Amino acid sequence: MDEEFRSLTDRLRSESGDSAAFHRLLGTEDDEELAGVLVERERPLWAREIAAFRLGCRGDPRAFEALVLLLNHRDPERCVSAVHALLLLGDPRTPRAAAALAGNTLRTAYALYPVRLLTALRAPESVPALVGTLRRLLAPGEPHWRVALACVEGLGSLGDAEARPVLRAALPHPRLGTAAAEALSRLPAR
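Residues numbered from 1 in each chain as written. Predicted model: local features only at pLDDT ≥ 70, side-chain atom pairs only at ≥ 80, totals over all residues. Heavy atoms only, no water.

Q: Tell me about the overall build of the chain, and name the residues and values.
A: Secondary structure summary: the chain contains 12 helices and 0 strands in total. Taken from the N to the C terminus, the helices and strands of the chain come in the order α-α-α-α-α-α-α-α-α-α-α-α. With the C-alpha coordinates of the chain rotated into their principal frame, the extents come out at 55 × 30 × 25 Å. Expressed as a percentage of the 190 residues in the chain, the buried residues total 48%. Here the analysis covers contacts within the chain between residues at least 6 apart in sequence; of these, 62% occur between residues at least 24 apart. Carbon and sulfur atoms make up 53% of the accessible area of the chain, which amounts to about 9,600 Å² in all. (Helix = DSSP H or I, 4+ residues; strand = E, 2+ residues; numbered from the N terminus. Buried < 20%, exposed > 50% of the residue type's maximum accessible area, 1.4 Å probe, protein only. Contact = heavy atoms within 4.5 Å. Areas by Shrake-Rupley, 256 points an atom, 1.4 Å probe, with all protein chains shown as cover.)

Next up, the structure:
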């Protein structure tokens, strides 16, 4: 049992009431049973999360849609589990989905984990999505500075010169300036 699975198990134990169904989903090796949980009506969220996580970690593409929904959940711990499983899943749709979530202006409050996933994926969609999201978050009065900071750090990690203008624009921001300077130092010289 890896650390992420242990964390998921500990977190969902009380949510599930430590039920027999909970233990069954944790213990089954039947991918069809897990996939069935994703499509059956009236299954609780904890059961869907276990099934999606386990299938995603095994590389089963049936988990993709459920994991993307969990990636955009209001509960950060569900998002962390989704990121882990999506990285292991390796589905080619993941970068596009993460970019769409990061750029959704109506869900900016929940964009932190899609931004972090884009950074980890290092996909062609990553830099344009992070640049676009950061540019939008530099507007005066924008409250989502933690998402903006994740964009800045991600762009520094990705090291793409296309990020230079938006990182320079972030320099005067009181909560982003230091990270923007660090990110700029990681970009290739012109």
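Q: Describe the nonpolar core, with residues and values.
A: If you look at the biggest cluster of nonpolar residues, it comprises 65 residues, and the most contacted ones within it are Leu134, Leu155 and Leu167. Here this core takes 8 residues from helix H10 (residues 145-158), the largest share from any one element. Beyond its immediate chain neighbours, meaning those up to four positions away, Leu167 contacts Leu134, Val152, Leu155, Ala180, Ala183, Leu184 and Leu187. (Core = buried A, V, L, I, M, F, W, Y, C linked by side-chain atoms within 4.5 Å.)

Q: So, helix H1 (residues 3-15): which residues are in play, and what are the values?
A: Along its 13 residues, H1 runs 19 Å from first to last C-alpha, staying within 8% of the 18 Å computed at 1.5 Å per residue. At its buried positions, H1 is contacted by helix H2 (20-27), helix H4 (45-57) and helix H6 (76-89). Two residues or fewer past H1, Gly17 is found with a positive phi of approximately 75 degrees. (Expected span 1.5 Å × (residues − 1).)

Q: I'd like to hear about the pattern of salt bridges, residue by residue, with values.
A: Pairs can form between side chains of opposite charge whenever their charged atoms are close. Considering all chains together, one arrives at 15 salt bridges under this definition. A salt bridge links Asp10 to Arg13, with the shortest nitrogen-to-oxygen separation between them at 3.5 Å. Note that Asp10 and Arg13 are positioned in helix H1 at a spacing of 3 residues, about one turn of the helix. Of the residues examined, Arg13 reaches a relative accessible area of 30% and is grouped as partly exposed. A salt bridge links Arg24 to Glu33, with the shortest nitrogen-to-oxygen separation between them at 2.8 Å. Within this structure, Arg11, Glu15, Glu49, Asp75, Glu77 and Arg78 form a network of salt bridges that share partners. (Salt bridge = Lys/Arg side-chain N within 4 Å of Asp/Glu carboxyl O.)

Q: How would you summarise the packing of H1 against H6 if you had to cite specific residues and measurements?
A: At a minimum axis separation of 11 Å, H1 and H6 run at an interaxial angle of 145 degrees. Remark: the crossing between H1 and H6 carries left-handed chirality. For the pair H1 and H6, contact is made by Glu4, Leu8, Arg11, Leu12 and Glu15 and by Glu77, Arg78, Val80, Ser81 and His84, respectively. Of the residues that constitute the contact of H1 with H6, the class distribution is 3 nonpolar, 2 polar and 5 charged. (Axes fitted to C-alpha atoms, helices over the stretch in contact; angles between N-to-C directions. Left-handed = near helix turned anticlockwise from the far one by under 90°. Nonpolar A, V, L, I, M, F, W, Y, C, P; charged D, E, K, R; others polar.)

Q: Mind laying out the side chain of Arg11, listing which residues take part and the relevant values?
A: Within the secondary structure layout, Arg11 lies in helix H1. Residue Arg11 is classed as buried on the basis of its relative accessible area of 13%. Separated by 2.5 Å, the side chains of Arg11 and Glu49 make a polar contact. (Polar contact = N/O pair within 3.5 Å; in protein donor to acceptor, adjacent residues only side chain to side chain.)

Q: Account for unusual backbone geometry, naming residues and giving values.
A: Not every positive phi belongs to a glycine, and Asp18 is a case in point at roughly 50 degrees. Relative to the helices and strands, Asp18 resides in the loop between H1 and H2.

Q: Kindly report on the packing of aromatic side chains, identifying the contributing residues and their values.
A: With the rule as written, the count across this model stands at 2 aromatic pairs. Note on Phe5 and Phe53: the rings are 6.0 Å apart at their centroids and 15 degrees apart in plane angle, and the pair reads as stacked. Here Phe5 is found in helix H1, whereas its partner Phe53 is found in helix H4, with 48 residues between them in sequence. Note on Phe53: relative accessible area 2%, which makes it buried. Ring centres 6.2 Å apart and planes at 65 degrees place the aromatic pair Phe22 and Trp46 in the edge-to-face group. One end of the pair, Phe22, is in helix H2; the other, Trp46, is in helix H4, with 24 residues separating them in the sequence. Both residues of the pair, Phe22 and Trp46, belong to the buried class. (Phe/Tyr/Trp six-rings, centres within 6.5 Å; stacked < 30°, edge-to-face > 60°.)

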